[in-house]
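What follows is each chain in one-letter form.
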Amino acid sequence: MNNSPIGVYDSGFGGLSVWRELRRMLPSESLVYLGDGKNCPYGGRRREDIERFAFAAVERLVAEGVKMVVVGCNTATTAAVGALREHWSDMPIVGLEPAVKPACLTSRTRRIAVLATKHSLASDMFLATAMRYAEGVDVVKVVGEGFVELVEEDREESDEAMAAVRHVIEPLMDSSIDKIVLGCTHYPFLKPHIREVIGDRDIEIIDSGEAVARRVKWLLERYDIAAAEDNVAECRFLSFADEDYRRRLEYKASKILAHGDAL
Ligand code: DGL
C-alpha cells in the first residue's frame, strides 16, 4: 500500500485526456498533473530540448513525492522515456505511444492513419513500432497541424477547429483507411470534429488513454504500491507557465470530469 500520488506530465493540456482515464479507472489514487505550458508545443522542437523539459518535469514531480510517473505525452515519450527510466531506475515510468499495434492487428482494409506531432512521427521509437506491427499494413502518417495550439487556447469547440480538422482528415477519406490512431494526447479533445468529418464511414478512432490507465493499474499491483481503497484521492495541478495557465489546467480538468464521456 502506498497513498503517495502518481505524477502525470504533458507539454500542456493534452495529458488531461490520460489523466481523465486514470481518474476513472483508479479513483483512490491521488494525482499530481504537471502541464509544462511554458515550452508547449513540443511537436516541432529538437529532441535534446524535449528531453531537457522532460527531465525538469520529472524532477519536479519527484520533489512532490510521486511514486510513479506517467509521461502523458507521446512526443516527450519518444524523445526521453529511455533516458528518464535510466535516471530514475527505482521508480516506474510509463510512456505513451500511438496505438499502432492494436490498429494494425484489427485493420480489415490493411490501411490505417496515424495522427501525431512531427517529432513523434519522425522518431526512432515510432519507426520501430511501425516496423514491428505494420507488416502488410499501409500506415499513413499525418501531422495534426494546428491541433495542439487550438486545444491550448481553449478553442477546440470553435469553427476554426472544425476547419483545421476538416483540412487534415478530409483528404484521408478518399483512401480505404479503417482506423485513425490519435498519437498525440491533445488530439482526443478534437474527437467530436473528427467524428463529424468521418460521418457514417466505418472508421474507428483509437487513442491510448485507456490502455495506459490499464498499464498503470497493472504496475501498481505488480509493485504493490496501489493506494488503499478508502484513500481520499487528491488532485493537484502544476505548471512551468504562470498561475493563470495553472488555473486553466485545473478548470479544464473539472470540466472534463463534469462532462463524463465528452472526449
Ligand atoms: N500532447 C503531446 C503529445 O502527446 C505533445 C503536443 C505538443 O506539445 O506538440 O504528443
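Residues numbered from 1 in each chain as written. Predicted model: local features only at pLDDT ≥ 70, side-chain atom pairs only at ≥ 80, totals over all residues. Heavy atoms only, no water.

> Run through the overall build of the protein chain, naming residues and quoting values.
When you go through the protein chain residue by residue, the secondary structure sums to eleven helices and nine strands. What you see for the protein chain is a C-alpha radius of gyration of 18 Å, in line with the 18 Å of a compact globule of 263 residues. When its C-alpha atoms are laid out on the principal axes, the protein chain stretches across 50 × 40 × 35 Å. Relative to its full complement of 263 residues, the protein chain shows a buried share of 55%. In the protein chain, the proportion of contacts linking residues at least 24 apart, taken out of those at least 6 apart, comes to 81%. As displayed, the protein chain has an accessible area near 12100 Å², and 48% of this comes from carbon and sulfur atoms. Charge centroids of the protein chain, computed over 34 positive and 43 negative side chains, lie 2 Å from each other. (Helix = DSSP H or I, 4+ residues; strand = E, 2+ residues; numbered from the N terminus. Rg over C-alpha atoms; globule rule 2.2 N^0.38 Å. Buried < 20%, exposed > 50% of the residue type's maximum accessible area, 1.4 Å probe, protein only. Contact = heavy atoms within 4.5 Å. Areas by Shrake-Rupley, 256 points an atom, 1.4 Å probe, with all protein chains shown as cover. Lys, Arg positive; Asp, Glu negative; His and termini not counted. Charge placed at Lys NZ, Arg CZ, Asp CG, Glu CD.)

> I'd like a rundown of the site of the ligand, residues and numbers included.
Around the ligand lies a shell of 14 residues, among which Ser11, Tyr42, Asn74, Thr75 and His186 are the nearest. In the environment of the ligand, a nitrogen atom lies 3.0 Å from a nitrogen or oxygen atom belonging to the side chain of Asp10. With respect to the ligand, the backbone of Gly43 contributes an N or O atom lying 2.8 Å from an oxygen atom. Protein chains shield 99% of the accessible area of the ligand, which is 300 Å² for the free molecule. For the shell around the ligand, a count of residues per class yields six nonpolar, seven polar and one charged. (Near = heavy atom within 4 Å. Polar contact = N/O pair within 3.5 Å; in protein donor to acceptor, adjacent residues only side chain to side chain. Nonpolar A, V, L, I, M, F, W, Y, C, P; charged D, E, K, R; others polar.)

> Give me the pattern of salt bridges: which residues, what numbers.
Proximity of charged atoms lets side chains of opposite charge pair with each other. The full count for this structure, using the stated rule, is 24 salt bridges. In this structure, Lys217 engages Glu221 in a salt bridge whose closest nitrogen and oxygen atoms are separated by 3.6 Å. With Lys217 and Glu221 both in helix α10 (residues 209-222), this residue pair falls four residues apart, about one helical turn. Looking at Lys217, the relative accessible area reads 34%, which means it is partly exposed. A salt bridge links Arg246 to Glu250; the shortest N-O distance between them is 3.3 Å. In this pair, Arg246 and Glu250 are both assigned in helix α11 (residues 243-259), four residues apart and thus about one turn of the helix distant. Because the salt bridges share partners, they merge into one network encompassing Asp154, Glu156, Arg248 and Lys252. (Salt bridge = Lys/Arg side-chain N within 4 Å of Asp/Glu carboxyl O.)

> How would you explain the packing of aromatic side chains if you had to name every residue and give the values?
The final tally for this structure, using the stated rule, is seven aromatic pairs. With a centroid separation of 5.4 Å and an interplanar angle of 35°, the aromatic rings of Tyr42 and Phe53 are classed as tilted. With a gap of eleven residues between them, Tyr42 in the loop between β2 (31-35) and α2 (47-63) and Phe53 in helix α2 connect regions that are remote in the sequence. Phe53 shares its class with Tyr42; the two are buried. (Phe/Tyr/Trp six-rings, centres within 6.5 Å; stacked < 30°, edge-to-face > 60°.)

> Break down the sheet that holds strand β4 (residues 93-94) for me, with residues and values.
As summarised here, the arrangement of the five strands in space is β4-β3-β1-β2-β9, forming an open sheet in which the pairing is parallel. The open sheet has two edge strands with one neighbour each: β4 and β9 (235-239). Two elements, strand β1 (residues 6-10) and β2, share five bridges in a ladder whose sense is parallel. Pairing of Ile6 across the sheet is with Leu31, part of β2. Set on the sheet, α2 makes contact with β1, β2, β3 (68-71) and β9; between it and β1 the angle comes to about 155°. Sitting on the sheet, α11 touches β2 and β9, and the angle it makes with β9 is about 145°. (Pairing = 2+ DSSP bridges. Axes fitted to C-alpha atoms, helices over the stretch in contact; angles between N-to-C directions.)

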